[in-house]
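# Structural overview
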Amino acid sequence: MPCGTEAAAETARLGGGTLWLLPNFHCAFAATDCVGSGVRGANADRLDSRGRDGDSGSAWPRARNRTRRKEQAPSHVSSRHGTRQLSHQRRHGTMTDTITGNPTIEAYTGPIDLSRPHFVGVGGSAMSGLARLLAELGHEVSGSDLNDCATLAVLGAAGVRIYLGHDASHVDGASCVVYTTVAQNAPEIGAARAAGIPVVHRAQVLDALSANRRLVAVSGSHGKSTTTGILAHILRTLGEDPTYLIGADVTGPLSGARLGGSRLLVAEADESDRSFHFLRPSIAVITNVTDDHPENFVNHAAVMRAYVEFGCRIASHGFLIVNADCVGANVAAEVIADERPDLTVLRYGRSRTADICLLDVHAEGWSVSATVRMPNGTTVRLTLPTPAAHHLENAVAAVSCAVALGLDPTDAAGAACTFAGVRRRFEHVDTRAGVTLVDSYADHPKEIAADLEAARTLARGRVIVVFQPSGHARVLAFSSRIGRLLADKADYVLLLDVHGTVPQGRPAADATVIVTHLRDGKYCLPLGADHVARIVGGMAGRGDVVLTMGTGDVTGYGAAILDALSQRSGVALSV
């Protein structure tokens, strides 16, 4: 736990204080004008139009805690667990109106019995970690998934009963059925409801797990997994013993989840379906706010409203940690501070408004470094083993959380320097025949741009991208931006088919919507991993960087690419 008398007092205040439970709380936003709860005029304009894509630059002025306004919230805008779906038309042209559901609407509100939970889609990164923690706590856990994988084997070894495939019979005897929005139509869900078995979202289980713990919830359109991983590493390095749930592996399968002995719980907060509205953190992080998840949000203003409601759920006198370089995050923080003057807002980033400020950022090879100015004016040097400069922001967000927890900022920054990274977040897979293979989870334009810039910093030759578009709604919404980024920042693109299920009643996307932005002779449409390996093996030269990029099975293409490069390892390659 935090060291020192003042830190101990802060621990008692945050850890033992009353959580901000407001059953009738309305984080009020009308469909078009954002009236109510003081969200008027400039605030409404900011939520509706400022901070699109989380653009960096001159950040919005720092949030000041003001006297809370007393206007009555419109009763039609919010429910207990989240804002209702807004039916107004999209205004900005970057997002669709594909609404797949909001789990906070008509959610189960009774007691959750976790003695015998069944997880639907247990192999997912977030679900598998939660299932493992419950199993280690002594609960009788079962789970089902369509595809076998190494994660399921680790879960089985941890005592989780695994079923391959979905079937209604799997919920027999379950005390509750845990799902994510993606799996909401699985047969187990319908069978559980028919049998009167509580059906609860994964985030509701996370909230139940945090009941006797201090929850640090990391939200944001990008950077959640890396930030959560660095914070967990800092806490463990400095002698804390946190429980954590990272939405990605750190080393091997299920390495992103750990049951600790302290009251600290560090976890990602998922904004994609608004399920972070189930959580009540003591400390919340907003790494950035972008126009993401077009399958669930009608426009950017809806995304902004979701983050504001999340921030308004922070425990009394808690902390809000915000990226000072993201206009959208700053606008959200400004509105949250209006609603919650009891919160302490701590900002990080390169902006001069930041409380913890990044200075002199420099990237060279597999290293990126910066000077960090702490709130007390002292400075430390922060170095990470990656060329991805945006990971420095994630590290400083984690250090900011450590400061809010009462830890020494210099010690926290020093611990962050020893973090090796998260799987698939610009991960160095290997170097063969002078060609460096990097695996990237990026699928949103902002993520793609950041990782391509990191690859360009690293490359001494060309940047070759094996890109798998992810999500039909996302591809339709962002195809032109993705295509232009690939055309401008990559030297050659191998474009795979779109990964993901077509939403019911919605159009499918294909790679042609991206191809139209690529230049002739600078791309191809390969027919699988072997074909990709032959192309890359035949064209990649010493000093080139090859990225396997996307959220689907493109990560598995790396092995075939490395094999093809190994066959040429004895051949002199030209740049």
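Up top is the structure.
A quick note: this is a predicted structure, and the numbers were derived from the prediction, not measured.

## Topic: the pattern of salt bridges
A full pass over the atoms with the stated rule returns 16 salt bridges. Between Arg 280 and Asp 207 there is a salt bridge, with its nearest N and O atoms 2.7 Å apart. Taken as a pair, Arg 280 in the loop between strand E9 (264-268) and strand E10 (283-286) and Asp 207 in helix H6 (residues 202-209) lie far apart in primary sequence, 73 residues in all. We classify Asp 207 as buried; its relative accessible area is 12%. Among the charged side chains, a salt-bridge network with shared partners connects Arg 116, Glu 140 and Arg 161.

## A word on the sheet that holds strand E19 (residues 492-495)
One open sheet accounts for six strands, arranged E16-E17-E21-E18-E19-E20; its pairing is mixed. Pairing within the sheet leaves two strands with one partner each, and these edge strands are strand E16 (427-432) and strand E20 (523-524). In the packing of helix H15 (residues 529-539) onto the sheet, the strands contacted are strand E18 (463-467), E19, E20 and strand E21 (545-549), and the crossing angle to E19 comes to about 170 degrees. Contacting E16, strand E17 (435-440), E18 and E21, helix H16 (residues 557-566) runs over the sheet at an angle of about 20 degrees to E16.

## Here we look at helix H4 (residues 150-157)
Every buried residue belonging to H4 is among Thr 151, Leu 152 and Leu 155, and all of these are buried. End-on, the buried residues of H4 take up no more than an arc of 100 degrees, which puts them together on one face. Residues of H4 that are exposed and angled more than 90 degrees away from the buried face: Ala 153 and Ala 157. Contact partners of the buried residues in H4: helix H3 (125-136), strand E2 (142-145) and strand E3 (161-164). Positive backbone phi, approximately 100 degrees, marks Gly 159, located one or two places after H4.

## Section: the side chain of Ser 219
With respect to the helices and strands, Ser 219 occurs in strand E6 (residues 214-219). By relative accessible area, Ser 219 is classed as buried at 0%. In terms of polar contacts, Ser 219 uses its side chain to reach the backbone carbonyl oxygen of Val 285, at 2.6 Å. Discounting residues that sit within four places of it in the chain, Ser 219 has contacts with Lys 224, Ala 269, Phe 276, Val 285, Ile 286, Thr 287, Tyr 307 and Phe 310.

## Digging into the sheet that holds strand E12 (residues 344-349)
Pairing is mixed in the open sheet, where ten strands are placed in the order E8-E7-E9-E6-E10-E11-E12-E13-E14-E15. Because the sheet does not close on itself, it has two edges, and the strands there are strand E8 (257-258) and strand E15 (379-384). Bridge analysis of strand E11 (residues 319-323) against E12 gives five bridges, and the strand direction is parallel. Bridge pairing in E12 links Val 322 to Arg 347.

## Here we look at the nonpolar core
One broad trend across soluble globular proteins is that nonpolar side chains are buried collectively. The biggest cluster of nonpolar side chains holds 56 residues, and the ones touching the most others in it are Phe 119 and Leu 320. Element by element, the count of residues in this core is highest for helix H9 (residues 327-339), at eight residues. With sequence-adjacent residues up to four places away left out, Leu 320 is seen in contact with Ala 284, Ile 286, Ile 314, Ala 333, Ile 336, Thr 344, Val 345 and Leu 346. Counting residues in each nonpolar core, the second largest holds 44 residues, with Leu 358, Met 374, Ala 402 and Ala 416 among its members.

## Re the packing of helix H7 (residues 224-237) against helix H10 (residues 390-404)
Helices that pack against each other are described as a pair by the angle of their axes relative to one another and the distance between those axes. At their nearest, the axes of H7 and H10 sit 8 Å apart, and the two run at 45 degrees to each other. By the angle between their directions, the pair H7 and H10 is classed as oblique. Relative to H10, the crossing made by H7 is right-handed. Each of Thr 226, Thr 227, Ile 230, Leu 231 and Ile 234 in H7 lies in contact with H10, whose residues at this interface are His 391, Asn 394, Ala 395, Ala 397, Ala 398, Val 399, Cys 401 and Ala 402. Looking at the contact of H7 with H10 residue by residue, the classes come out as nine nonpolar, four polar and no charged.

## A few points about the packing of aromatic side chains
Tallied over the entire structure, the rule returns three aromatic pairs. For the ring pair Phe 276 and Tyr 307, a centre distance of 5.5 Å and an interplane angle of 90 degrees mean the geometry is edge-to-face. With Phe 276 in the loop between E9 and E10 and Tyr 307 in helix H8 (residues 300-311), this pair connects stretches of sequence that are 31 residues apart. With respect to burial, Phe 276 and Tyr 307 carry one shared label: buried. With a centroid separation of 5.9 Å and 50 degrees between ring planes, the pair formed by Trp 366 and Phe 426 is classed as tilted. Taken together, the residues span a long stretch of sequence, with Trp 366 in the loop between strand E13 (356-363) and strand E14 (368-373) and Phe 426 in the loop between helix H11 (409-416) and E16 at a distance of 60 residues. Accessibility expressed as a relative area gives 27% for Trp 366, which makes it partly exposed. Through successive ring pairs, a cluster of aromatic residues spans Phe 276, Tyr 307 and Phe 310.

How each quantity is defined
Residues numbered from 1 in each chain as written. Predicted model: local features only at pLDDT ≥ 70, side-chain atom pairs only at ≥ 80, totals over all residues. Heavy atoms only, no water. Salt bridge = Lys/Arg side-chain N within 4 Å of Asp/Glu carboxyl O. Helix = DSSP H or I, 4+ residues; strand = E, 2+ residues; numbered from the N terminus. Buried < 20%, exposed > 50% of the residue type's maximum accessible area, 1.4 Å probe, protein only. Pairing = 2+ DSSP bridges. Contact = heavy atoms within 4.5 Å. Axes fitted to C-alpha atoms, helices over the stretch in contact; angles between N-to-C directions. Arc of directions from axis to C-beta. Polar contact = N/O pair within 3.5 Å; in protein donor to acceptor, adjacent residues only side chain to side chain. Core = buried A, V, L, I, M, F, W, Y, C linked by side-chain atoms within 4.5 Å. Parallel < 35°, antiparallel > 145°, perpendicular 65-115°, else oblique. Left-handed = near helix turned anticlockwise from the far one by under 90°. Nonpolar A, V, L, I, M, F, W, Y, C, P; charged D, E, K, R; others polar. Phe/Tyr/Trp six-rings, centres within 6.5 Å; stacked < 30°, edge-to-face > 60°.

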